[in-house]
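In case you want the letters, here they are:
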Amino acid sequence: MRILLLSSAYNSLTQHAHVELKALGHWVGVAVGTTADAMREAVHQFQPELVLCPMLAHVIPRDLWERYTFIILHPGIVGDRGGNSLDWAILNEEPEWGVTAVEAAEHVDSGPIWATYEFKMRAASKSSIYRDELTRAAVKAMLVAVRRFESGLFVPAPLDYSRPAVRGRYRPFVKPEEREVDWKCDGVATILRKIRSGDGAPGVLDDIGGMPVYLYGAHEEGTLVGKPGEIIATRHGAICRAAVDGAVWISHLKMKGSQASEYFKLPSAMVVAEQLRGVPEVPLSIHAEPRGATYRDVWYEEHNDVGYVNFRFYNGAMGTDHCRRLEQAVQYASKRPTKVIVLFGGQDFWSNGIHLNLIEAADDPAQESWENINAMDDLVLSLLAATDHLTVAAMYGSAGAGGVMLALAADRVLAREGIVLNPHYKGMGGLYGSEYWTYSLPKRVGAERALQLTEQCLPVSVYDAKTMGLIDDIVIQDDLGHGSFERFRDQIIRVAESLARGEELAAQLARKQAEREAEERVKALAQYRREELEEMKHNFWGEDRSYHLARSAFVRKRPRPAHLKCSAALENACANAQCDEAKQAARNRCALASLGWT
């Protein structure tokens, strides 16, 4: 079928929908729908049989939904209506929530129902639940809805609030005061729930030392205490603030400005640096066992000849300091008397490469870009150099740009079913990229496919990734059961311990070392790095400012400058397409690249 994906942004859910529908053989168009005219233009050009809206924050014009079938993936249970569905589910401590595929109608979210799936809620941020449980439920609902529409026989059920099974209702937008934290009265559980309900956007407006800021990235602290409201500790950019019954770590803040793009999220300690005089830095060793709940973003564990290097970075962004500390953890693991090293990413993301927000905030963004990419390179090299161990990249969350290349430095890449990979950089203003990708990517997929992946700027499903050799295997998950991340971790532990016990391990390591030595004689890793960094010097300091303009627009959530071009490969694809379908597909790819969607 001709299916148009119409979204307000090419976010994680839209990417998942895109790769799933492509895999089923549908002709998929992708368009941004931020205005009524933009929606009309997209539909007019594509002439779809069905329009799917994975994430649409704007009202669909009547003249469109009366002529075409629009199915919206609403992040709520049947009967739920309104723009803050998942926010309310967290605030109200709903034990279960869901996604409903609902047809567009006169009143928003009130149309006939094509499919619905529910999932168990967990104590986590809105962003985390959206990227994991909600996305998996949404993809299932979408695929069922598409099959039902394609059959031509299914009649969607009207929304009927008189039915006992319809538990949802209309909820207005959450007012700022309903999330407001009262540090002198609210307990830790309440504070966590409020901040998590607004994580991602809009955040929770608060006041720290007279400075209005939005709070993000809340974590419970189980040991430190202090006077309610006071900042009592810092750790790796996060601040710990005392509550009436404990304390809460807040990893990121955003200053309130007169315009939405004036400020952006940064590590908390950077934003309120003036308020931290006399506040102690409370370090935590990577191999320390915390006495209770706390905040940490890098730590090491060891069991049965396997070392686990765990890392959890907000939104998958890795600044210079993040890379240096993770590199130190990998080096520590490589010196341990173990046989296998597992690089274990978090539930939200594996990694998205360099930290664009920190670069944008730097006094000299070009120099900070340089420092950051070199730190990423050093991290990747520490993994490539671990020839005495078998290394495994365990990817539960999606990855992009240098984060994908980080995973490819491992001997085995295992990825969870349902994530997407974006192995490219060019969408960020033509950024060339490093992390030894010119060595590791062609080694896995071949030179021609490596060029295609890095030029076309499109997401890759794990099934396509395995077929082309980008990853080694897919970790199949239960449908929507609770504790998915824990079950994934259990599977990875079993795989890693099996590798460590394997009779072939010694021979595998010998082959690995011999292969690395042979490759080094042909072309040294240092040469790959020099060549990549020479290209990146042009991105950072050259006359073409595309990278800096695209980065600033991305970080500040502004429209991408219109004059920034697609990569040469995409422009050629548009120019050389020989038929209407090929031209439309090429235009779709150019649209994604020009919007900086990665």
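Small disclaimer: the values here were computed from a predicted structure and weren't measured. Numbering of residues starts from 1 in each chain and follows the order in which that chain's sequence is written. Per-residue local features are limited, in this predicted model, to residues with pLDDT of at least 70; the limit for side-chain atom pairs, both in listing and counting, is 80 or more; totals at the level of whole chains, interfaces and linings are taken over all residues. For side-chain calculations, the full set of non-hydrogen atoms in the structure is used, while hydrogens and water are omitted.

**Q** Explanation requested: the pairing of strand β7 (residues 204-208) in the structure shown.
**A** Within a regular strand, side chains alternate between the sheet's two faces. For every residue, the accessible area obtained with a 1.4 Å probe (protein chains only) is divided by the maximum for its type, and the residue is called buried under 20%, exposed over 50%, and partly exposed between those limits. Each helix is a run of H or I in the DSSP string that is no shorter than four residues. Each strand is a run of E no shorter than two, and both are numbered from the N terminus. The alternating pattern of β7 places V204, D206 and I208 on a buried face, while none of L205 and D207, on the opposite face, is buried. Bridge analysis of β7 against strand β8 (residues 211-221) gives five bridges, and the strand direction is antiparallel. By the bridge assignment for β8, I208 is matched with M211. Paired strands are those between which DSSP finds at least two bridges. Here β7 folds back onto β8, and the loop between the two strands holds two residues, one of which, G209, carries a positive phi near 60°.

**Q** Just to check I follow, could you spell out the sheet that holds strand β18 (residues 398-400) for this structure?
**A** Within a sheet, each strand pairs with its neighbour through backbone hydrogen bonds, oriented either parallel or antiparallel. Strand order in the open sheet formed by four strands is β16-β18-β20-β21, with mixed pairing between adjacent strands. Where the open sheet ends on each side, the last strands, each with one partner, are β16 (349-351) and β21 (460-461). Taken together, the two bridges between strand β20 (residues 420-422) and β21 define a ladder with antiparallel strand orientation. Of the residues in β21, the one forming a bridge with V420 is S461. Against the sheet, helix α1 (residues 12-23) makes contact with β18, β20 and β21, and its axis sits at roughly 100° relative to β20, the strand it touches most. Any two residues whose heavy atoms approach within 4.5 Å at even a single point are treated as in contact. Where helices are involved, their axes are fitted lines through C-alpha atoms of the stretch in contact, as for all axes, and angles between N-to-C directions lie from 0 to 180°.

**Q** I keep staring at the packing of α1 against helix α5 (residues 126-151) and nothing clicks. Help me out?
**A** Pairs of packed helices are described in terms of their axes, by the angle between the two and the distance that separates them. Where α1 meets α5, the closest approach of the two axes is 10 Å, and the angle between their N-to-C directions is 40°. One way to sum up the angle between α1 and α5 is to call them oblique. At the point where α1 passes α5, the crossing takes the right-handed sense. The residues of α5 that touch α1, namely those facing S12, L13, H16, A17, E20 and L21, are Y130, R131, T135, A138, V139, M142, L143 and V146. Under the grouping applied here, Gly and all other residues not named as nonpolar or charged are polar, the nonpolar ones being Ala, Val, Leu, Ile, Met, Phe, Trp, Tyr, Cys and Pro and the charged ones Asp, Glu, Lys and Arg. The class makeup of the residues in the contact of α1 with α5 is nine nonpolar, three polar and two charged. Put simply, angles under 35 degrees are roughly parallel, angles over 145 are roughly antiparallel, angles from 65 to 115 are roughly perpendicular, and the rest are oblique. Take the far helix as the reference: if the near one is turned anticlockwise from it by less than a right angle, the crossing is left-handed, and if turned clockwise, right-handed.

**Q** Whenever I open this one, the pairing of strand β11 (residues 246-255) confuses me. Can you help?
**A** Most of β11 sits inside the fold, with eight of its ten residues counted as buried. As defined by bridge partners, strand β10 (residues 238-243) adjoins β11 across five bridges and the pair is classed as antiparallel. Residue pairing across strands places A243 opposite G246, the latter belonging to β11. Counted between consecutive antiparallel strands, the loop separating β10 from β11 contains two residues. The pairing of β11 with strand β12 (residues 266-267) spans two bridges and is classified as antiparallel. Directly across from H252, in β12, lies its bridge partner P267.

**Q** What exactly am I supposed to notice about a negative patch on the surface here?
**A** Exposure above 30% relative accessible area and the absence of a salt bridge qualify a residue for a patch, where like charges join within 9 Å and nonpolar side chains (Val, Leu, Ile, Met, Phe, Trp, Tyr) within 5 Å. All accessible areas in this document rest on Shrake-Rupley with a 1.4 Å probe, and a residue is counted as covered only by the protein chains that are shown. The term salt bridge refers to a side-chain nitrogen of Lys or Arg lying within 4 Å of a carboxyl oxygen of Asp or Glu. Under the counting rule used here, the positive set is Lys and Arg, the negative set is Asp and Glu, and His together with the chain ends is not counted. For charged residues, the charge sits on one atom: NZ in Lys, CZ in Arg, CG in Asp, CD in Glu. Together, E177, E178, E180 and D182 line one region of the surface with negative charge. Locating E177 in the fold gives a position in helix α6 (residues 176-179).

**Q** Quick question: what am I supposed to make of the side chain of D87 here?
**A** Locating D87 in the fold gives a position in helix α4 (residues 85-91). Residue class for D87 comes out buried when judged on its relative accessible area of 3%. Residue contacts for D87: discarding those within four places in its chain leaves K126, V174, R179, S197 and A201.

**Q** Hey, could you run me through the sheet that holds strand β14 (residues 306-311) in this one?
**A** Read from one edge of the open sheet, six strands run β13-β14-β15-β17-β19-β22, paired in mixed fashion. The two strands at the open ends of the sheet, each matched to only one other strand, are β13 (298-303) and β22 (473-475). On average, each strand axis in the sheet is tilted by 20° relative to the strand beside it, whichever way the strands run.

**Q** How do you make sense of the packing of aromatic side chains when you look at a structure like this?
**A** Each Phe, Tyr or Trp ring (for Trp, its six-membered ring) is paired with any other whose centre lies within 6.5 Å, and the angle between the two planes then decides the class: stacked below 30 degrees, edge-to-face above 60, tilted in between. One pass over the structure, following the stated rule, counts 16 aromatic pairs. Summarising the aromatic geometry, the rings of Y300 and Y332 are spaced 5.2 Å apart at their centres and angled 85° between planes, so their arrangement reads as edge-to-face. Pair noted here: Y300 is in strand β13 and Y332 is in helix α9 (residues 320-334), with a separation of 32 residues, a long-range link. Overall, Y300 belongs to the buried group, its relative accessible area being 7%. Relative to W541, the ring of F540 has its centre 6.0 Å away and its plane inclined at 80°; by these criteria the two rings are edge-to-face.

**Q** Sorry, what's going on with the confidence of the model for the chain here?
**A** Regions with low pLDDT carry predicted coordinates that are not meant to be interpreted in detail. The predictor attaches a confidence to each residue, and that confidence, scored 0 to 100, is pLDDT. Looking at the chain, pLDDT values average 93 and 93% of them are 70 or higher. Taken as a whole, residues 565-598 scores under 50 in pLDDT and shows 56 contacts with residues more than four places along the chain or in a different chain.

**Q** Even after reading the chapter, I still don't get the environment of D388, so can you show me in this structure?
**A** Note on placement: D388 falls in the loop between α11 (365-384) and β17 (390-395). Since its relative accessible area comes to 52%, D388 is described here as exposed. It is 9.9 Å that separates the C-alpha atoms of D388 and I341, two residues lying 47 residues apart in sequence. Setting aside residues up to four positions removed in sequence, D388 forms contacts with L509 and Q513. There is a polar contact of 3.1 Å between the side chain of D388 and the side chain of Q513. Throughout this description, a polar contact denotes any pair of N or O atoms lying within 3.5 Å of each other; where both atoms belong to protein, one of them has to be capable of donating a hydrogen while the other can accept it, and for residues adjacent in sequence the pair is counted only when both atoms sit in side chains.

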